[in-house]
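Chain by chain, the residues:
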Amino acid sequence: MNNIVAIVGRPNVGKSTLFNRLIQRREAIVDSVSGVTRDRNYGKSEWNGKEFSVIDTGGYIRGSDDVFEGEIRKQVELAIDEADVIIFVVDVEEGITPMDETVAKLLRKVTKPVLLAVNKVDNAMREKDAVEFYNLGLGDYYTFASISGSGTGDLLDALIDAFPEKPEPTKEETILPRFAVVGRPNAGKSSFINALIGKDRFMVTDIAGTTRDAIDTKFDRFGFEFNLVDTAGIRRKAKVKEDLEFYSVMRSVRAIEHADICILVIDATRGFESQDQNIFWLAQKNRKGVVILVNKWDLVEKDTMSTRDYAEKIKKELMPFTDVPILFVSALTKQRLLKALEASVQVFENRQQRIPTSKFNEFMLKVIEAYPPPATKGKYVKIKYCMQLPSPTPQFVFFANLPQYVKEPYKRYLENKIRENWDFSGVPIDIYIREK
């Protein structure tokens with residue numbers, strides 16, 4: 001189970017630049033909500049062999065100071081509530097601002113580790129200017145320059161040291177697979193679970209945000225046994241006037257980290273929106289099995305082509321990972337719920353699948369011989385041996401004489417051939433090319 005790091009601070013201090021540096025990409029998954037200037041970025045990072053999830057709380061409303069202060073306070077409180085470690089970014093060029101003091105006041109009250117990161121420190125003079133930030137009352141600080149990357153190594157070392165020790169999973173958690181029901185608020189996640197277990201285990205209303213916490217339910221019906229987790233992801237707190245969408249992302253991150261399989265419930269009446277896509281990619285990045293349930297299908301006006309067209313539209317958004325089960329259900333009428341359950345169990349079994357090395361070589365070497373990797377600079381790549389790695393998720397290694405010349409398109413070709421011959425539906429596959 002990975003740790004979650006939240007990057008907080010006022011706008012224009014370099015939070016997103018630090019975020020992009022941590023995930024080693026210039027692009028981030030972004031969810032834009034109509035009418036509000038807002039980026040929600042989240043991704044995976046790794047330092048010294050330790051993986052963690054990163055959330056950038058972003059810059060939000062442009063308006064009066066009063067509105068802005070309320071919004072930033074909301075986001076920081078949500079980050080404090082869900083993250084394991086908080087990075088508070090400030091700007092040495094502007095010094096301490098009233099907004100920095102507001103955020104620092106909130107952070108001084110928490111027991112979780114807070115790393116004060118002073119950005120834009122790229123020379124000795126600015127190093128001296130950074131001393132001012134002791135006045136925020138958060139102890140030692142770390143200077144860095146997010147654009148050049150200077151100083152980020154020391155910050156990351158401190159971050160790894162600050163992670164809390166994770167408890168060992170209990171015996172039950174080790175044995176029983178965990179199926180997390182994730183998705184946007186009010187998509188029908190709790191109704192889906194209630195319909196499956198045959199009783200109102202969870203409160204259900206038309207108001208988005210009714211579910212207050214992620215709750216495990218041991219499911220043992222129809223020959224299936226696993227832990228079913230309702231991660232609707234909204235936990236109301238008296239002091240937090242939460243942004244439901246932002247909070248659903250925070251809870252989804254936590255839920256996905258815990259799960260083996262993610263059952264992504266989307267609202268058929270709203271379509272496959274950017275937030276649904278973000279949650280899907282978060283599960284995919286964490287190498288979890290995924291099943292997509294299009295809920296409230298009974299409310300949609302349909303013709304004979306509706307399900308096919310709808311599924312194709314979703315798969316277009318999921319490119320290139322399109323080998324995912326998509327089922328059309330109704331938690332209200334209990335339409336196709338058992339099929340949804342069977343699909344989820346099948347994806348779990350696909351994720352556990354192990355292919356004998358002899359059978360894998362017999363099939364894949366013929367595939368490679370029929371269509372070898374393209375020559376580069378007059379050099380030919382030869383792959384003579386391949387195998388599945390003994391890892392928790394499906395990973396395959398191909399041994400080649402010139403692994404550096406095997407590019408992503410060919411890796412995708414190998415993945416497609418594996419999927420054609422073995423059922424890995426709903427499961428991300430990793431392909432590695434190594435020197436023989």
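What counts and how
Residues numbered from 1 in each chain as written. Predicted model: local features only at pLDDT ≥ 70, side-chain atom pairs only at ≥ 80, totals over all residues. Heavy atoms only, no water. UniProt positions renumbered as here; feature names shortened; annotations may be inferred. Phe/Tyr/Trp six-rings, centres within 6.5 Å; stacked < 30°, edge-to-face > 60°. Helix = DSSP H or I, 4+ residues; strand = E, 2+ residues; numbered from the N terminus. Buried < 20%, exposed > 50% of the residue type's maximum accessible area, 1.4 Å probe, protein only. Core = buried A, V, L, I, M, F, W, Y, C linked by side-chain atoms within 4.5 Å. Contact = heavy atoms within 4.5 Å. Axes fitted to C-alpha atoms, helices over the stretch in contact; angles between N-to-C directions. Parallel < 35°, antiparallel > 145°, perpendicular 65-115°, else oblique. Left-handed = near helix turned anticlockwise from the far one by under 90°. Nonpolar A, V, L, I, M, F, W, Y, C, P; charged D, E, K, R; others polar.

You'll find the chain entered in an unreviewed UniProt entry as GTPase Der, with Flavobacterium palustre given as the organism. As recorded by UniProt, the Sequence similarities (unreviewed entry) comment attached to the chain reads in full: "Belongs to the TRAFAC class TrmE-Era-EngA-EngB-Septin-like GTPase superfamily. EngA (Der) GTPase family." UniProt, in the comment section headed Function (unreviewed entry), describes the chain in these words: "GTPase that plays an essential role in the late steps of ribosome biogenesis."

## Description of the packing of aromatic side chains
Within a pair of aromatic rings, the relevant descriptors are the distance that separates the centres and the angle that separates the planes. Across all of its chains, the model carries 17 aromatic pairs by this definition. Plain terms: the ring middles of F360 and W422 are 5.6 Å apart, the flat faces sit at 45 degrees to each other, and that makes the pair tilted. Residue F360 is found in helix α12 (residues 357-370), and its partner W422 is found in the loop between α13 (408-421) and β15 (430-435); the two are separated by 62 residues along the sequence. A residue is classified by how much of its surface remains accessible, and F360, at 0% relative accessible area, is buried. What links up through ring pairs into an aromatic cluster is the set F360, F363, F396, F398, W422 and F424.

## With respect to unusual backbone geometry
With an omega of 5 degrees, the peptide bond between M319 and P320 qualifies as cis. If you trace the backbone, P320 turns up in the loop between α10 (306-318) and β12 (326-328). The phi torsion at K296 lies on the positive side, around 65 degrees, for a residue other than glycine. Following the sequence through the fold, K296 ends up in the loop between β11 (289-295) and α10. With a phi angle near 65 degrees, K334 is a residue other than glycine that sits in the positive phi range. With respect to the helices, strands and loops of the structure, K334 is situated in the loop between β12 and α11 (337-352).

## What to know about the nonpolar core
Membership of the largest hydrophobic core comes to 53 residues, with the highest contact counts inside it found for F88, L107, F280, I292, V294 and I314. Counting residues per element, this core draws most heavily on helix α9 (residues 274-285), which supplies five residues. Dropping the residues within four chain positions of it, I292 is found in contact with L264, I266, F280, I314, L318, V324, P325, I326 and L327. With 28 residues, the next largest nonpolar core counts V181, F226, I261 and V427 among its residues.

## Some points on the packing of α12 against α13
Running from N to C, α12 and α13 cross one another at 135 degrees; their axes reach a closest spacing of 11 Å. Here α12 is positioned oblique relative to α13, judged by the angle of their axes. Crossing of α12 over α13 shows right-handed handedness. Residues F360, F363, M364, V367 and I368 of α12 pack against Y410, Y413, L414, K417, I418 and N421 of α13. Along the lines of polarity and charge, the residues of the contact of α12 with α13 split into nine nonpolar, one polar and one charged.

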